[in-house]
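Coordinate analysis (summary)
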Amino acid sequence: MSRKYDLVIVGAGPAGLMAARVAGENGLRTALLERKTAIARIRRIDGGILSPLNEYTFGQTVTFNPEVKRIGFPVCGFSIPYDGPYQNVYGFDMFSPGGTRITFGDREKQRQDPQKYRVGVSLDKELMLQGLLDEVEKAGVDIFPGINVTGIEKKSNSVLVTGNGEVFEGQFVIAADGVNSRTARLMGMNKQRKFFATHPECAWYFEDIEIPEIAGIGFVFTAYGNFYISQTCFKNHYHVGITSFTPTNEFPAKLNRFVYEDEIYSKWFKGGRKTDEVSCVINMLAPLQEPFKDNVLFIGDAAWLMEVTNVAAMCCGWKAANAVALAMIDGKMSKEGIAGYLEWWEQYFFGPYGQVEFKPFELQDFLEPGDIDYLGGLVTEPLIATMDFYKMVNTLGTTFGELFPVIQEQRPDVMERLMMVANQMDEAEEAAGKAGFPNR
Amino acid sequence: MVIIQQEVCTGCGGCIDLCPVIAVSMVDDRAVINPDSCTDCKICVKVCPVNAPYEAA
């Protein structure tokens, strides 16, 4: 016997929770399935940063208003509750092995008028998800924690989702099960997607440390790995993590080296307390151009190369559930019924960002630590203030493009190695693909 | 046969997502291998960022 619903949502992250709230508010009989038991508890790497503020990514922006305890989404036209701690985020910083630095955002100017110049805020994401979950419950959605979805099947007039021996039947399914979406794989969506790399990360939580150099996320390139440090919503709390474009078992040892032994950077962590360890694996497959098959709509990270951001995920959930509500009203239980979502996805996500070139390579495979120090030291003025990864990469490309004549003049040897990066990108991509697991 | 050390596992779900035969599940917010469906391919061992899975004799 199956449980019958209008809509079955797989995954209770920001995208799935928002979809569930909107579906419930629109009167749809809705089931929300989640494999964790503690839905609002975050067991996976997450910086907890809410962006873009004062800029746009995927055509979206947010407003954060602690006075009224709400986060607003003015492009889509909804808001969510948030009554908790926060810290302003001003942008990215990049650090070389020897300590040279490139900064995105003019910190001095930004700190004079945070409302106007902050590009994000770090929040307690568990509190934000709990606020959403409370609203989902109020909206009358049936919530099923601890369900691992293992099967999905289209019937003539519905879709059957199975997990932990239970069967959930929906007119539509929204797959919001994240960047390595099992639903996408079970539905065969990954077969045509280009596979780039299996990208693991591991991070430690640190308390009682102060890193004034970081006002958002700092990326640190060392001779032995790529690290990042992100500012949480609590003063003197940071996450310090390591990333790679190939699976590796060396993360714990390398994090240990960075935090306790690195000549330049270990001083940031002196006297600090490690309080938790989190991780994630991002299997990078090209974004889905048409995130729909057999009445299953793939939203947020489930349809993307990597994480689309908290904000974009919630906007996807909002748009998708509204599209399903309209399909039900119009009596069009098909692709035609939810066409509004697919057009929106094309306009804001796939159209502008879906085919952006991505090359998984590690700078250290081509450049010496001293080369990276030299290049980091060339950019003395702050670059554009942003938390948008695409904007950051583009800005770096343009900035260094303009510096090529200087590099050629001062350091022809570095220029030669930089050219090598350009020439060997395809080989690096192939190598990363071979070392990973496509998940098809 | 591979076993996931529950006290090391962070519950990130990476191995659950990448297991080619869906032998790994989230049980009480940690990853657990079902020995009946596991084919011993060891992808979980290779992808785990915190080295929680290990090969038992």
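The rules behind the values
Residues numbered from 1 in each chain as written. Chains lettered and ligands numbered in written order. Predicted model: local features only at pLDDT ≥ 70, side-chain atom pairs only at ≥ 80, totals over all residues. Heavy atoms only, no water. Helix = DSSP H or I, 4+ residues; strand = E, 2+ residues; numbered from the N terminus. Rg over C-alpha atoms; globule rule 2.2 N^0.38 Å. Buried < 20%, exposed > 50% of the residue type's maximum accessible area, 1.4 Å probe, protein only. Contact = heavy atoms within 4.5 Å. Areas by Shrake-Rupley, 256 points an atom, 1.4 Å probe, with all protein chains shown as cover. Axes fitted to C-alpha atoms, helices over the stretch in contact; angles between N-to-C directions. Parallel < 35°, antiparallel > 145°, perpendicular 65-115°, else oblique. Nonpolar A, V, L, I, M, F, W, Y, C, P; charged D, E, K, R; others polar. Pairing = 2+ DSSP bridges. Expected span 1.5 Å × (residues − 1). pLDDT = per-residue confidence, 0-100. Phe/Tyr/Trp six-rings, centres within 6.5 Å; stacked < 30°, edge-to-face > 60°. Lys NZ or Arg CZ within 6 Å of the ring centre and 35° of its normal.

Considerations on the overall build of chain B
Secondary structure assignment for chain B yields 2 helices and 4 strands. Counting helices and strands in the order they occur from the N terminus, chain B gives β-α-β-β-α-β. A globule of 57 residues ought to have a C-alpha radius of gyration of about 10 Å, and chain B, at 10 Å, matches this closely. Here the C-alpha coordinates of chain B stretch approximately 25 × 20 × 15 Å along the principal axes. The proportion of buried residues among the 57 residues of chain B is 49%. Intrachain contacts of chain B at a sequence separation of at least 6 include 54% that bridge at least 24 residues. Roughly 2,500 Å² of accessible area belongs to chain B as shown, and the carbon and sulfur atoms make up 55% of that amount.

Focus on the overall build of chain A
Broken down by element type, chain A carries 11 helices and 21 strands. Here chain A has a C-alpha radius of gyration of 22 Å; the compact-globule value for 440 residues is 22 Å, and the two agree. Counting over 440 residues, chain A shows a buried share of 58%. Residue pairs in contact within chain A that sit at least 24 positions apart in sequence constitute 74% of those at least 6 positions apart. A total accessible area of about 18,000 Å² is found for chain A, and carbon and sulfur atoms account for 50% of it.

Digging into the packing of helix H10 (residues 389–410) of chain A against helix H11 (residues 412–435) of chain A
All names here are of chain A. For the pair H10 and H11, interaxial distance at closest approach is 5 Å and the crossing angle is 125°. Here H10 lies oblique to H11, going by the angle between them. Of H11, the residues touching H10 (which contributes Phe 404, Ile 407, Gln 408, Glu 409 and Gln 410) are Pro 412, Val 414, Met 415, Leu 418 and Met 419. Of the residues in the contact of H10 with H11, the class split is 7 nonpolar, 2 polar and 1 charged.

Observations regarding the pairing of strand S16 (residues 216–222) of chain A
All names here are of chain A. The element S16 is extensively covered by neighbouring structure, given that 7 of its 7 residues are classed as buried. The pairing of strand S8 (residues 91–95) with S16 spans 5 bridges and is parallel. Paired with Asp 93 across the bridge in S16 is Gly 218. Strand direction decides the pairing type here: S16 and strand S17 (residues 225–231), joined by 6 bridges, are antiparallel. Paired with Phe 219 across the strands is Tyr 228, a residue of S17.

Let's talk about helix H4 (residues 125–138) of chain A
Residue and element names in this part refer to chain A. Compared with an ideal rise of 1.5 Å per residue, which puts 14 residues at 20 Å, H4 spans 20 Å between its outermost C-alpha atoms and is within 8% of the ideal. Within the span of H4, buried status applies to Lys 125, Met 128, Leu 129, Gly 131, Leu 132, Leu 133, Glu 135 and Val 136. Downstream of H4 by one or two residues, Gly 140 has phi in the positive range, about 80°.

What to know about the confidence of the model for chain B
This prediction gives chain B a mean pLDDT of 96; 100% of its residues lie at or above 70. Both scores are given for the predicted complex: the pTM is 0.97, the ipTM 0.97.

Looking at unusual backbone geometry
All names here are of chain A. Between Ser 51 and Pro 52 the backbone carries a cis peptide bond, its omega angle lying at 5°. Within the secondary structure layout, Pro 52 lies in the loop between strand S3 (49–50) and strand S4 (63–65). In the Ramachandran plot, Asn 164 falls in the positive-phi region, its phi being about 50° despite a non-glycine side chain. Relative to the assigned elements, Asn 164 resides in the loop between strand S13 (159–163) and strand S14 (166–175). Judged by relative accessible area, which is 47%, Asn 164 ranks as partly exposed.

Details of the packing of aromatic side chains
Residues and elements named next belong to chain A. Taken as a whole and judged by the stated rule, the model has 32 aromatic pairs over all chains. Residues Phe 73 and Phe 78 carry aromatic rings whose centres are separated by 4.3 Å and whose planes lie at 15° to one another, so their mutual orientation is stacked. In this pair, the class of Phe 73 matches that of Phe 78, namely buried. Pairing Phe 206 with Phe 269 gives two aromatic rings, centres 5.5 Å apart and planes at 55°, and the pair type is tilted. Of the two residues, Phe 206 is situated in strand S15 (residues 195–207) and Phe 269 in the loop between helix H6 (251–260) and strand S19 (273–285); the sequence distance between them amounts to 63 residues. Each member of the pair, Phe 206 as well as Phe 269, carries the same accessibility label: buried. Taken together, the ring pairs connect Phe 58, Trp 304, Tyr 341, Trp 344, Trp 345, Tyr 348, Phe 349, Tyr 353 and Tyr 390 into an aromatic cluster. Here the basic side chain of Lys 274 rests over the ring of Trp 204, its NZ or CZ set 4.0 Å away from the ring centre. In this structure, Arg 411 packs its charged tip against the face of Tyr 374, placed 5.3 Å from the ring centre.

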